[in-house]
Amino acid sequence: MSDVSSGVPAGSSKPTIFFDGVSSRRRQVMLRLGDALEIAEDGEAPVRWAYADIRRADGPAGVLRLACTSAPPLARLEIRDAAVAGDVTARCLHLDEHQTTRRGTAKIVGWSVAAAVSIVCVVLFGVPLAADRLAPLVPKPVERRIGDAAEVQMKTIFGRSVCEDPGGKAAFTKLVNRLRDAAGLDDTMTAGVLPTSVPNAFALPGGKVFVLKGLLDKAESPDELAGILAHELGHLKHYDNMRGLIYNGGTSFLIGLLFGDVTGSSAVIFASRSLVEASYSREAETGADTFAIEIMHKLGRSPKPAAELMFRITGKEGGSGLTTILASHPLTEDRLARMTKEDRPASGPPLLTDKEWQALKGICGSGKV
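These numbers were taken from a predicted model, which means no experiment stands behind them. (Residues numbered from 1 in each chain as written. Predicted model: local features only at pLDDT ≥ 70, side-chain atom pairs only at ≥ 80, totals over all residues. Heavy atoms only, no water.)

1. Remarks on the overall build of the protein chain
Part 1 of the reasoning: For the protein chain, the count of helices and strands is twelve helices and ten strands.
Part 2 of the reasoning: For the protein chain, the proportion of its 369 residues judged to be buried stands at 42%.
Part 3 of the reasoning: Across the protein chain, every contact between residues at least 6 apart in sequence was considered, and the portion connecting residues at least 24 apart equals 64%. (Helix = DSSP H or I, 4+ residues; strand = E, 2+ residues; numbered from the N terminus. Buried < 20%, exposed > 50% of the residue type's maximum accessible area, 1.4 Å probe, protein only. Contact = heavy atoms within 4.5 Å.)

2. Overview of the pairing of strand β3 (residues 37-40)
Part 1 of the reasoning: Sheet topology places strand β2 (residues 27-33) next to β3; four bridges connect them, and they run antiparallel. Bridged to L31 within β3 is I39.
Part 2 of the reasoning: What sits between the antiparallel neighbours β2 and β3 is a turn of three residues.
Part 3 of the reasoning: Taken together, the three bridges between β3 and strand β4 (residues 47-49) define a ladder with antiparallel strand orientation. Bridge pairing in β4 links L37 to W49. (Pairing = 2+ DSSP bridges.)

3. Digging into the sheet that holds β2
Part 1 of the reasoning: The seven strands are arranged β4-β3-β2-β1-β7-β6-β5 in an open sheet whose pairing can be described as antiparallel. At either margin of the open sheet sits one strand with a lone partner, and together these are β4 and β5 (54-57). Ignoring strand direction, the axes of neighbouring strands in this sheet form an average angle of 35°. (Axes fitted to C-alpha atoms, helices over the stretch in contact; angles between N-to-C directions.)

4. Some remarks on the pattern of salt bridges
Two side chains with opposite charge may pair up if their charged atoms get near one another.
Part 1 of the reasoning: Throughout the structure, instances matching the rule amount to 21 salt bridges.
Part 2 of the reasoning: Taking the shortest distance from any N to any O, the salt bridge between R65 and E78 comes out at 2.8 Å. Separated by 13 residues along the polypeptide, R65 in strand β6 (residues 64-68) and E78 in strand β7 (residues 76-79) bring together distant segments of the chain.
Part 3 of the reasoning: Looking at E78, the relative accessible area reads 8%, which means it is buried.
Part 4 of the reasoning: A cluster of three or more residues bridged by salt bridges with shared partners is formed by D20, R25, R27 and E41. (Salt bridge = Lys/Arg side-chain N within 4 Å of Asp/Glu carboxyl O.)

5. Overview of the state of the cysteines
Part 1 of the reasoning: All told, the structure shown has one disulfide when counted by the stated rule.
Part 2 of the reasoning: With no disulfide of its own, C68 has C92 as its nearest cysteine by sulfur position, at a separation of 9.2 Å. (Disulfide = S-S within 2.5 Å.)

6. Let's talk about the nonpolar core
Most often, soluble globular proteins have nonpolar side chains that are buried together.
Part 1 of the reasoning: The biggest cluster of nonpolar side chains holds 43 residues, and the ones touching the most others in it are L175, L179, L225, L229, L233 and L360.
Part 2 of the reasoning: Mapped by element, the contributors of at least two residues to this core are α4 (166-183), β9 (201-204), β10 (208-212), α5 (213-218), α6 (222-237), α8 (265-298), α9 (304-317) and α12 (354-361).
Part 3 of the reasoning: Aside from chain neighbours lying at most four places away, what touches L225 is L175, V211, L215, L216, A219, W357 and L360.
Part 4 of the reasoning: Of all hydrophobic cores here, the second largest spans 21 residues; its members include V29, L33, V84 and V88. (Core = buried A, V, L, I, M, F, W, Y, C linked by side-chain atoms within 4.5 Å.)

7. Things to note about the packing of aromatic side chains
Part 1 of the reasoning: Within this structure, the stated rule accounts for two aromatic pairs.
Part 2 of the reasoning: Here F18 and W49 contribute two aromatic rings whose centre-to-centre distance is 5.9 Å and whose plane-to-plane angle is 70°, an arrangement assigned as edge-to-face. Here W49 lies in strand β4 and F18 lies in strand β1 (residues 16-19), a separation of 31 residues in the sequence. Exposure class is identical for F18 and W49. Each is buried.
Part 3 of the reasoning: Here the aromatic rings of F202 and F210 are separated by 6.0 Å at their centres, their planes lie at 40°, and the arrangement is tilted. Comparing F202 with F210, the two get one shared label, buried. (Phe/Tyr/Trp six-rings, centres within 6.5 Å; stacked < 30°, edge-to-face > 60°.)

All quantities given are derived from atomic positions and should not be read as evidence of function.
Laid out in structure tokens, this is it:
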């Protein structure tokens, strides 16, 4: 079917196939080799490909598949006759110019490694710096909306209704207000107790603090609970919640970009994020501890009882599989020793009376956990 001029054998029984890159029609054509490669089809004007523009394309064994830089991107010519293929390739001096050379491969690998190192450096240094700078600049309405959304999720997990026993609520409000005033936070800050047996406490964006009843049940004095609350107020004061959101979002995007969407990448991304977030969260926890120590001293109370409460929880239940205060507030011997070192005799009035403390312990009533 192929008819090739300029001394090239003709009459091959193996057809030459052409796809013009515009339609999906498979065309059986003839070739003529002159000052350019002419692709001719009966009844159609010939298509001319300059030899300098012809490039090799991937194809099956025994087929020379060609593309042309000056033709539509999807245009392909398939030559099955070995003699014709040899004569065409002899004229196409730039046939494999687009193929990656060993030097080109090394350059690509080098740039890829450089890009990966750059992403890792941004994750380790750039994202934390950006989070530190941006967190205090988040508008309060935006922060409150984020906190509201997080509160819905927390209440779905730990109980939709906040404990509302009047006497207990009054005592809790008194304790929170004393800590809030000492911390220099405004009255937009809110706090509540959720009816669940999990011993924990957490702060949310927008000035929200929640104590879970499991923690309140294990507390043996107002000072123990106050030290934990002061720690959470430290997270609010330092914008740790918003900083964490910015940081986690940045690392998720960049580490996902680094590893791509491949099999097993989610596990790698999760492990990598855990590693790079560990030191960052420890810094935030240390800062919140420092804040709690300062607030308790300002109130004339000791931070040691809070450390004793945390040790009591983590020492007895750290390996039980329950979500405890250890999960988000990693307790180490150094941390416990630090709070113990800051122990001072009480110089301020009790944060709550015995009656108020008992009322607070019963804020969720009976049978609600």
